[in-house]
Every structure is written in structure tokens, then in C-alpha cells.
Amino acid sequence: MIDKKIVESKLETLNANKLQVAEKIRAAQETIKQSNADLNALQGAIQLCEQLLSENVEAEKQDDKN
């Protein structure tokens, strides 16, 4: 026969574990959100540097012609 107290205890433990896992998922999602923002900022900085380098090369070509 299954003891009701044992099953209730297991259920309580499982529910507590479920809450812990849900919190880990929430924290991981927040980390991913922040990491995506960081990645976008880095990509923007990379594009700006590439644009500045490209403009510098063009300016040097113009200077060489003069």
C-alpha cells in the first residue's frame, strides 16, 4: 500500500524543485537578453570602425591624387 504521507512529501519536494528550475530558466533568459544586447552593441562598434577605416582609405587615395 502506498503511504499518503510519503506521496505528499514527494509532491512537495517536486513542486519546490519545479520552482527552482523555473527560476533558473528565468535567470538564463535574462542573461541571454543582456548578452544579445551586448552583442548588438559590439556589432555596431565593429561596423563603425570598419566605416571609419573605409573612409580613411578613401581620404588617403584622394590625398595621393593631389
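Residues numbered from 1 in each chain as written. Predicted model: local features only at pLDDT ≥ 70, side-chain atom pairs only at ≥ 80, totals over all residues. Heavy atoms only, no water.

Student: What's the story with the environment of Lys24 in this structure? I'm lost.
Tutor: Relative to the helices and strands, Lys24 is located in helix α1 (residues 4–65). Accessibility expressed as a relative area gives 63% for Lys24, which makes it exposed. Spatially, the C-alpha atoms of Lys24 and Lys5 are 29 Å apart, while their sequence positions differ by 19 residues. (Helix = DSSP H or I, 4+ residues; strand = E, 2+ residues; numbered from the N terminus. Buried < 20%, exposed > 50% of the residue type's maximum accessible area, 1.4 Å probe, protein only.)

Student: I keep staring at α1 and nothing clicks. Help me out?
Tutor: An α-helical segment advances 3.6 residues per turn. Residues three or four places apart therefore align on the same side. The first and last C-alpha atoms of α1 sit 91 Å apart over 62 residues, in line with the 92 Å expected at 1.5 Å per residue. For α1, the capping residue at the N-terminal end is Asp3, with a side-chain oxygen 3.0 Å from the backbone nitrogen of Lys5. (Expected span 1.5 Å × (residues − 1). Polar contact = N/O pair within 3.5 Å; in protein donor to acceptor, adjacent residues only side chain to side chain.)

Student: Even after reading the chapter, I still don't get the pattern of salt bridges, so can you show me in this structure?
Tutor: A side chain with one charge can pair with a side chain of the opposite charge if their charged atoms come near. Overall, the coordinates contain 2 salt bridges when judged by the stated rule. For Glu8, the salt bridge is made with Lys4, and the minimal N-O distance between the two is 3.9 Å. Here Glu8 pairs with Lys4, and both are found in helix α1, just 4 residues apart, close to one helical turn. For Arg26, the salt bridge goes to Glu23, with nearest N and O atoms at 2.8 Å. Here the residue Arg26 and the residue Glu23 both occupy positions in helix α1, the gap between them amounting to 3 residues, near one helical turn. (Salt bridge = Lys/Arg side-chain N within 4 Å of Asp/Glu carboxyl O.)

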